[in-house]
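# Report on the structure
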Amino acid sequence: MAASVTRYTVVFKDDVNEDTVKKYMAEVTEAGGRVTQSYDWFLNGFCAAIPEPHAELLKKNTSEVDYLELEGLPKRH
């Protein structure tokens, strides 16, 4: 059975470079997800439909990933 897929905005820490972000984008695709938008001038990250097991791995990578936010839902401050 396929893992459920959820749309997220993945935001990286400011010091993470473009090549590293592209590596993560490729990993999302390899995991069965789909990158829908990449950002490089106002946000260091991308939007993607990500299988839940892979999203959990990204959430645990606090050394490079700043946060994941569900797409379409405003962030509570």
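Below, the structure is looked at part by part. Position numbers for residues start from 1 in each chain and track the written sequence from start to end. Given that the model is predicted, a residue must reach a pLDDT of at least 70 before its local features are reported, and side-chain atom pairs must reach 80 or more before they are shown or counted; all residues, however, enter totals for whole chains, interfaces and linings. Remark: hydrogens and water are excluded; side-chain values derive from all non-hydrogen atoms of the structure.

This next bit is on the pattern of salt bridges. For salt bridges, the criterion is a side-chain nitrogen of Lys or Arg within 4 Å of an Asp or Glu carboxyl oxygen. Using the criterion set out here, one finds four salt bridges in the structure. A salt bridge links Glu-18 to Lys-22, with the shortest nitrogen-to-oxygen separation between them at 3.2 Å. Taken together, the residues span about one helical turn, with Glu-18 and Lys-22 both in helix H1 (residues 18-30) at a distance of four residues. Using a 1.4 Å probe on the protein chains alone, a residue whose accessible area is under 20% of its type maximum counts as buried, one over 50% counts as exposed, and one in between counts as partly exposed. Judged by its relative accessible area of 47%, Lys-22 is partly exposed. Helix and strand definitions here come from DSSP, where helices need a minimum of 4 consecutive H or I residues and strands a minimum of 2 consecutive E residues; each element is numbered from the N-terminal end.

What follows concerns helix H2 (residues 52-60). In an α-helix there are 3.6 residues to a turn, and that puts residues three or four apart on one side. Buried within H2 are the following residues: Glu-52, His-54, Ala-55 and Leu-58. Buried residues along H2 cover an arc of 155 degrees about the axis, so they all sit on one side. Opposite the buried face of H2, by more than 90 degrees, sit the exposed residues Leu-57 and Lys-60. Contacts are assigned to residue pairs that have any heavy atoms within 4.5 Å of one another. On the buried face of H2, the contacting elements are strand E1 (5-12), H1, strand E3 (45-51) and strand E4 (65-70). As used here, the arc is the angular range of directions from the helix axis to the C-beta atoms.

To continue, consider H1. In this scheme, a helix's expected span is set at 1.5 Å multiplied by one less than its residue total. Between its terminal C-alpha atoms H1 stretches 18 Å, which fits the 18 Å expected from 13 residues at 1.5 Å a residue. Those residues of H1 lying buried are Thr-20, Val-21, Tyr-24, Met-25 and Val-28. All buried residues of H1 lie within an arc of 145 degrees about the axis, which places them on one face of the element. Relative to its buried face, H1 has exposed residues pointing more than 90 degrees away, namely Asp-19 and Glu-30. In this structure, the buried residues of H1 make contact with E1, strand E2 (34-39), E3 and H2. Capping the start of H1 is the job of one residue whose side-chain oxygen sits 3.2 Å from the backbone nitrogen of Asp-19: Asn-17. Just past H1, the residue Gly-32 takes up positive phi, approximately 100 degrees. Polar contacts, as counted here, are pairs of nitrogen or oxygen atoms within 3.5 Å of one another; within protein the pair requires one atom able to donate a hydrogen and one able to accept it, and residues that are adjacent in sequence qualify only if both atoms are side-chain atoms.

By themselves these figures say nothing about function.
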